[in-house]
Amino acid sequence: MKSILIIADGLGGRPTDQAGKTCLEAARKPNLDGLAAQGAVGLVDPIGPGIRPGSDTAHLSLLGYNPRELYTGRGVFECLGIGLDVQPGDICFRANFATVKESAGALLLVDRRAGRIESGQRELEAALDGMKLKTPGVDVAFRASTEHRGALLLRGSELSPYVGETDPHETGAEIRSAEPMAEGRAARRTADAVNELTRRSYELLKDLPLNVARAKAHKLPANILLVRGAADCPHIPSIPSIYGVRGAVIAGGALYRGVALACGLESIEVEGATGGLDTNLRAKAAAALKALETYDLVFVHIKGTDNAAHDHQAAAKTAFIERIDAEFFGTLLGGIDWNTTHVAFTGDHTTAIDYGDHTADPVPVLFAGPKVRRDDVTTFDERAAARGGLLRFSGQVLPTLMSYADRSPKYGS
Ligand code: ZN
Ligand code: ZN
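Residues numbered from 1 in each chain as written. Chains lettered and ligands numbered in written order. Predicted model: local features only at pLDDT ≥ 70, side-chain atom pairs only at ≥ 80, totals over all residues. Heavy atoms only, no water.

Let's shift gears to empty space enclosed by the protein. Counted under the stated rule, the structure contains one cavity of 30 Å³ or more. Lining the largest cavity are Arg-74, Glu-78, Arg-94, Ala-95, Arg-149, Gly-150 and Arg-228. If you list the elements that add at least two residues to the lining of the largest cavity, you get helix H5 (74-81), strand E3 (91-103) and strand E6 (149-155). Tallied by class, the residues present in the lining of the largest cavity amount to one nonpolar, one polar and five charged. (1 Å grid on protein atoms, 1.4 Å probe; cavity = no way out; pocket = protein on both sides within 12 Å on 5 of 7 lines; lining within 4 Å. Points joined across faces, edges and corners; volume = space filled by probe spheres on them. Helix = DSSP H or I, 4+ residues; strand = E, 2+ residues; numbered from the N terminus. Nonpolar A, V, L, I, M, F, W, Y, C, P; charged D, E, K, R; others polar.)

Rolled over the atoms, a probe as big as a water molecule pinpoints where empty space is left. Its volume calculated, the largest pocket comes out at about 1,200 Å³. Forming the walls of the largest pocket are 40 residues, and the residues nearest its centre are Arg-74, Arg-94, Thr-146, Arg-149 and Lys-303. Those elements that place two or more of their residues in the lining of the largest pocket are helix H3 (55-62), H5, E3, helix H6 (121-128), strand E5 (139-144), helix H10 (254-262), helix H12 (304-310) and strand E13 (357-359). Per-element accounting of the lining of the largest pocket gives the leading share, four residues, to H10. Per-class residue counts for the lining of the largest pocket are seven nonpolar, 14 polar and 19 charged. Both domain 1 (2-71 + 235-404) and domain 2 (79-231) contribute no fewer than three residues apiece to the lining of the largest pocket. Put simply, the second largest pocket is a space of about 180 Å³. Lining the second largest pocket, in full, are Leu-63, Gly-64, Tyr-65, Asn-66, Glu-69, Leu-70, Pro-237, Ile-242, Tyr-243, Gln-396 and Pro-399. Split by residue class, the lining of the second largest pocket holds seven nonpolar, three polar and one charged. (Domains from an automatic or database assignment.)

Attention now moves to the coordination of the zinc ion (ligand 2). Coordination of the zinc ion (ligand 2) by the protein involves Asp-306 (OD), Asp-306 (OD), His-310 (NE2) and His-358 (NE2), with metal-donor separations of 2.0 to 2.6 Å. Viewed at the metal, the four donor atoms of the zinc ion (ligand 2) are separated by angles of 54 to 144°, and the geometry they form is irregular. Read N to C, the donor residues that coordinate the zinc ion (ligand 2) are spaced as D-x3-H-x47-H. For the pair the zinc ion (ligand 2) and the zinc ion (ligand 1), the metal-to-metal distance amounts to 4.5 Å. Of this pair, His-310 sits in helix H12 while His-358 is found in strand E13, placing the two residues 48 residues apart along the sequence. On the accessibility criterion, His-310 (28% relative accessible area) is partly exposed. (Donors = N, O, S within 2.8 Å, 3.2 Å for Na, K, Ca; no water. Tetrahedral: all angles 85-135°; square planar, octahedral: opposite > 155°, others 65-115°. Buried < 20%, exposed > 50% of the residue type's maximum accessible area, 1.4 Å probe, protein only.)

With that settled, the discussion passes to the sheet that holds strand E10 (residues 297-302). Pairing is mixed in the open sheet, where eight strands are placed in the order E9-E8-E10-E1-E11-E14-E2-E15. A single partner strand is all that each edge strand has here, and the edge strands are strand E9 (266-267) and strand E15 (392-394). The sheet contact formed by strand E8 (residues 247-251) and E9 spans two bridges and is parallel. Its bridge partner lying in E9, Val-249 is registered against Ser-267. Running at roughly 170° to E8, H10 makes contact with E8, E9 and E10 of the sheet. (Pairing = 2+ DSSP bridges. Contact = heavy atoms within 4.5 Å. Axes fitted to C-alpha atoms, helices over the stretch in contact; angles between N-to-C directions.)

For the rest of this paragraph, the subject is the side chain of Asn-223. Note on placement: Asn-223 falls in the loop between helix H8 (209-216) and strand E7 (224-232). Excluding its chain neighbours within four sequence positions, the residues that come into contact with Asn-223 are Ala-98, Thr-99, Val-100, Ser-201, Tyr-202, Leu-205, Lys-206 and Asn-211.

Moving on, we get to the packing of helix H11 (residues 281-294) against helix H13 (residues 314-333). When two helices pack together, their arrangement is given by the angle between the helix axes and by the axis-to-axis distance. Where H11 contacts H13, the two axes come as close as 8 Å, and the packing angle between them is 35°. Viewed along their axes, H11 and H13 form a crossing whose handedness is right-handed. Taken together, the residues of H13 that come into contact with H11 (itself represented by Leu-281, Arg-282, Lys-284, Ala-285, Ala-286, Ala-288 and Leu-289) are Phe-320, Arg-323, Ile-324, Glu-327, Phe-328, Thr-331 and Leu-332. For the contact of H11 with H13, the residue count by class is nine nonpolar, one polar and four charged. (Left-handed = near helix turned anticlockwise from the far one by under 90°.)

And the structure:
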């Protein structure tokens, strides 16, 4: 038995100015409607009713974990997703390039995204990765990701995740000094290391040829690294160890790749998978079909739906759902063996167009495959899903899929 789980980020919606329809309701999506007719649908609360999910915690919950027990912070997943090796004891941070100006010895924030820097990140990464600190016994690893974003990892003895951030989040404000948020030497030492590396990043970056060129082109220099979201390595029992399956992840965004890697899946790189609205959905579906030949489980993450909704763009979200239907499912369904494969499709939360952020509304979910008890619903959207045979449940989408594949461990005797 093979299983494929597809999560479209922020798929769920609320009524929009498209005649009061949600984006899913407004979209033309014959493939998804066909899957709904063939299988069973319902509503899923990604974490629980009334809980407004983050993407990382929602993914953990949909994958069958309790984020309240094991979530330590986003930084770990960013580090893993970007290709850093994370070991127990390491402290991970989300990081961003920013622009500061010096005034009487203080560093004042000009732009916390360095003008959304669009190129040259490799040069910045090379300058920062492996920087030497005076704080003894602390190694620094850094990777740049998209635009101004990156991930930073500290390795050494006696480090703590209980340390504050350096990003003041306010233009004109002085760069924050990271403060220990726990008693004891480890938090103090970690805060010292963070403050030292912040200062040092400014010295390393300010005169880089890239920044000299940016200044000449009247662009903001990326002259400092700010960090936040300190997290240590969570203990997550792996999907292969729980279900006895080999699994792969296909995701353009580092965060989602990182969550899947933390859960024991192997990453498959797909050219043109950008984690944005311009992603190559046909290539992702083709790669998923190929992966199903060798893996028992394939998890595909699609991000663009969330991006459009954060930008309040109902038409763009609807159009992207239509592309998911035509390009992703059009390709995938051409190659699925329905005798041996179960498909699950859902979102990790609702991202409402007017609010421009995640909301607690439940999300439609569908399962199709040889063991699924078909219900009477023949369209796939929020209101139709409320009439579906799966009713309404919380998280646990992957365990349900693994149960259809007869891979679930029994709870009790
Ligand atoms: Zn999300
Ligand atoms: Zn989002």
